[in-house]
Amino acid sequence: MPGFIGKKLCPELEIVRGDYKKYGAESRVFSGIFEEYDPELSMGSLDEAYLDITEYVAERAVPIKRIARNVRRSDGSCRIKWSLGSGVKRSCERSGTVLIKQLG
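A quick note: this is a predicted structure, and the numbers were derived from the prediction, not measured. (Residues numbered from 1 in each chain as written. Predicted model: local features only at pLDDT ≥ 70, side-chain atom pairs only at ≥ 80, totals over all residues. Heavy atoms only, no water.)

A. Structural detail: the side chain of Asp38. You can see Asp38 is positioned in the loop between helix H2 (20–35) and strand S1 (42–45). Under the relative-accessibility criterion, Asp38 is labelled buried at 8%. The contact partners of Asp38, leaving out residues within four places of it in the chain, are Tyr50, Leu51 and Asp52. (Helix = DSSP H or I, 4+ residues; strand = E, 2+ residues; numbered from the N terminus. Buried < 20%, exposed > 50% of the residue type's maximum accessible area, 1.4 Å probe, protein only. Contact = heavy atoms within 4.5 Å.)

B. Representation of the environment of Leu41 within the structure. One can find Leu41 in the loop between H2 and S1. Separated by twelve residues in the primary sequence, Leu41 and Ile53 have C-alpha atoms spaced 9.3 Å apart. Here Leu41 is in contact with Ser31, Phe34, Glu35, Ala49, Tyr50 and Leu51, once residues within four sequence places are set aside.

C. Main features of the pattern of salt bridges. Summed over the entire model, instances satisfying the criterion amount to one salt bridge. Close ionic contact of Arg60 with Glu59 constitutes a salt bridge, the shortest N to O distance being 3.3 Å. (Salt bridge = Lys/Arg side-chain N within 4 Å of Asp/Glu carboxyl O.)

D. Molecular detail of the environment of Ile64. Looking at where Ile64 falls in the secondary structure, it is placed in helix H4 (residues 64–71). Separated by ten residues in sequence, Ile64 and Thr54 have C-alpha atoms that sit 10.0 Å apart.

E. Structural context of the pairing of S1. The pairing of S1 with strand S2 (residues 48–50) spans three bridges and is antiparallel. Its bridge partner lying in S2, Ser42 is registered against Tyr50. In sequence, S1 turns back onto S2 through a hairpin of two residues. (Pairing = 2+ DSSP bridges.)

F. Layout of unusual backbone geometry. In the Ramachandran plot, Ala61 falls in the positive-phi region, its phi being about 50° despite a non-glycine side chain. The topology assignment puts Ala61 in the loop between helix H3 (54–60) and H4.

G. Region of the structure containing the nonpolar core. Phe30, Ile33, Phe34, Tyr37, Leu41, Ala49, Tyr56, Val62, Ile67 and Val71 form the largest nonpolar core, which has ten residues in total. Broken down by secondary-structure element, the contributors of at least two residues to this core are H2 and H4. Here this core takes three residues from H2, the largest share from any one element. The contacts of Tyr56, once residues within four sequence positions are left out, are Glu36, Tyr37 and Ile67. (Core = buried A, V, L, I, M, F, W, Y, C linked by side-chain atoms within 4.5 Å.)

Set out below in C-alpha cells:
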C-alpha cells in the first residue's frame, strides 16, 4: 500500500525509511530457498518469484502441501514474511496467494 494511502487511512501512521541493503540480503536467502526446487526460477522482484516445480514433484512424488511446509522453513534462515500460491499458470498462482492471505 502506498504511504499516502496509509496516511489517509491512518493519520497517526509513522513511516520508517526502508533499508534496501538488508532487504536485498534477505531476498537472496529467499531466492536461495526456492532455487532448491527450481534452479531456473524467475524473480519478479526482490520478494516475488515464479517457479516451475513440475520436475521436482515428478522425481520425488512429493505432494505440493509438503513442499509448501518445507519451503516455509522454521529454521530462521529467512526473516521476510511471505506467502505461497500455486497454479498451472501465474494468474492462477496469484489468485491462490491472495486467497491464502485472506484466510490467514
